[in-house]
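Architecture and fold: a report
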Amino acid sequence: MTQMHYTTDIAPGGHWSLRLRRGTLMRLTDLEGGANVGMLFYNPENLLERYNAPDTLKCQHTFKLTRGNCLYSDMGRIFASVVEDSVGWHETVCGNSRADQIAERWGRRDYQSDRNQWHQNGHDAFLVELAKYGLGSADLAANVNWFSQVAADDGGNLRLVEGASPSGSQLSLRFEMDTLVLLHSCPHPLSRAAEYPARPVRIELGVAEPVTLDDICRNHCPENRRGFANNALYYLGTAPELVPMLGEDL
């Protein structure tokens with residue numbers, strides 16, 4: 001098991017960001033069950049390069065994210081790979097909760113009046129973190145919602161599957177690029193819980209094992225091998241250990 005060197009807990013409705021180096025392992029833990037972790041990815045060297053949810057799903061021929069899947073940028077490179085997952089289904093199509101949704105479902109609360117019992121929303125939580133890097137609402141993209149599973153009915157309507165993530169559920173991401181990571185622990189936009197879902201999440205950071213040619217994420221599909229080759233080309237001259245990945249047809 002990888003040794004973790006840093007641990008922090010994100011309070012319900014909290015938000016967090018950090019520039020992570022290539023080769024970092026991030027483990028997320030749903031401490032009480034029923035959490036939602038919204039997450040976005042940006043290239044810190046070129047903030048115009050960011051997570052692309054449509055390409056992530058399309059090139060891997062999937063509607064869900066789980067172990068073996070990779071998270072793509074809009075330049076065809078891989079930000080991170082899902083190397084461990086105890087849930088088996090995470091969605092990246094439903095976006096964020098917003099202040100008006102939260103107020104309608106659970107009442108309007110603000111930090112000035114309610115302190116830690118306030119009702120934060122995912123959209124505003126991301127904006128707070130984006131502002132730290134000179135970014136704003138125009139820089140928002142479709143985000144991942146870890147620990148959240150959705151299902152479609154015969155009419156194509158989506159609903160959140162309750163109980164999909166029990167207490168102690170974990171997910172581990174291996175970062176294949178230097179990445180600016182933003183996240184929040186606000187409710188999923190489709191949540192119909194009777195009370196505001198206040199679920200804390202643990203973040204642990206360590207050093208990932210090196211990627212090998214037989215890696216499960218790299219070999220999940222031909223597109224992923226090309227994605228790893230794109231990363232190797234991007235880091236050519238600074239990461240000689242990635243040169244073997246350049247064998248794919250770009």
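Residues numbered from 1 in each chain as written. Predicted model: local features only at pLDDT ≥ 70, side-chain atom pairs only at ≥ 80, totals over all residues. Heavy atoms only, no water.

Moving on to the sheet that holds strand S13 (residues 201-207). The strand order S1-S13-S3-S11-S7-S6 describes an open sheet built from six strands, whose pairing is antiparallel. Where the open sheet ends on each side, the last strands, each with one partner, are strand S1 (4-10) and strand S6 (70-72). Taking each pair of neighbouring strands and ignoring which way they run, the sheet shows an average axis angle of 20 degrees. One ladder, built from five bridges, connects strand S7 (residues 78-85) with strand S11 (residues 169-175); its direction is antiparallel. Counted as the bridge partner of Asp 85 is Leu 171 from S11. (Pairing = 2+ DSSP bridges. Helix = DSSP H or I, 4+ residues; strand = E, 2+ residues; numbered from the N terminus. Axes fitted to C-alpha atoms, helices over the stretch in contact; angles between N-to-C directions.)

What follows covers the pairing of strand S5 (residues 46-50). Of the pairings in the sheet, the one linking strand S4 (residues 37-43) to S5 comprises two bridges and is antiparallel in character. Bridge pairing links Asn 43 to Asn 46 in S5. Between the end of S4 and the start of S5, which pair antiparallel, lie two residues.

Now for the packing of aromatic side chains. Per the stated rule, a full pass over the model turns up seven aromatic pairs. Relative to Trp 89, the ring of Phe 63 has its centre 6.3 Å away and its plane inclined at 70 degrees; by these criteria the two rings are edge-to-face. Here Phe 63 is found in the loop between helix H1 (53-59) and S6, whereas its partner Trp 89 is found in the loop between S7 and helix H2 (99-106), with 26 residues between them in sequence. Taking 5.7 Å as the distance between ring centres and 90 degrees as the angle between the ring planes, the aromatic pair formed by Trp 106 and Tyr 196 counts as edge-to-face. (Phe/Tyr/Trp six-rings, centres within 6.5 Å; stacked < 30°, edge-to-face > 60°.)

To continue, consider helix H5 (residues 222-234). Across its 13 residues, H5 extends 19 Å between first and last C-alpha, which sits within 8% of the 18 Å expected from 1.5 Å per residue. Along H5, the positions that sit buried rather than exposed are Asn 224, Gly 227, Phe 228, Ala 229, Asn 231 and Ala 232. For H5, the secondary structure elements touched by its buried residues are S6, S7 and S11. (Expected span 1.5 Å × (residues − 1). Buried < 20%, exposed > 50% of the residue type's maximum accessible area, 1.4 Å probe, protein only. Contact = heavy atoms within 4.5 Å.)

To continue, consider the layout of surface pockets. Where empty space is left can be seen by rolling a probe of water-molecule size over the atoms. Put simply, the largest pocket is a space of about 390 Å³. Along its surface, the largest pocket is lined by 18 residues, and Thr 2, Leu 25, Val 83, Glu 84 and Ser 172 are the ones closest to its centre. Counting only elements with at least two residues in the lining of the largest pocket, the list comes to strand S3 (24-30), S7 and S11. When residues in the lining of the largest pocket are grouped by element, the largest group, four residues, is from S11. Of the residues contributing to the lining of the largest pocket, the split by class is seven nonpolar, four polar and seven charged. The computed volume of the second largest pocket comes to approximately 270 Å³. Together, 21 residues line the second largest pocket, and Gly 34, Ala 35, Leu 160, Glu 162 and Pro 197 are the ones closest to its centre. Here the lining of the second largest pocket is built from residues that sort into nine nonpolar, ten polar and two charged. (1 Å grid on protein atoms, 1.4 Å probe; cavity = no way out; pocket = protein on both sides within 12 Å on 5 of 7 lines; lining within 4 Å. Points joined across faces, edges and corners; volume = space filled by probe spheres on them. Nonpolar A, V, L, I, M, F, W, Y, C, P; charged D, E, K, R; others polar.)

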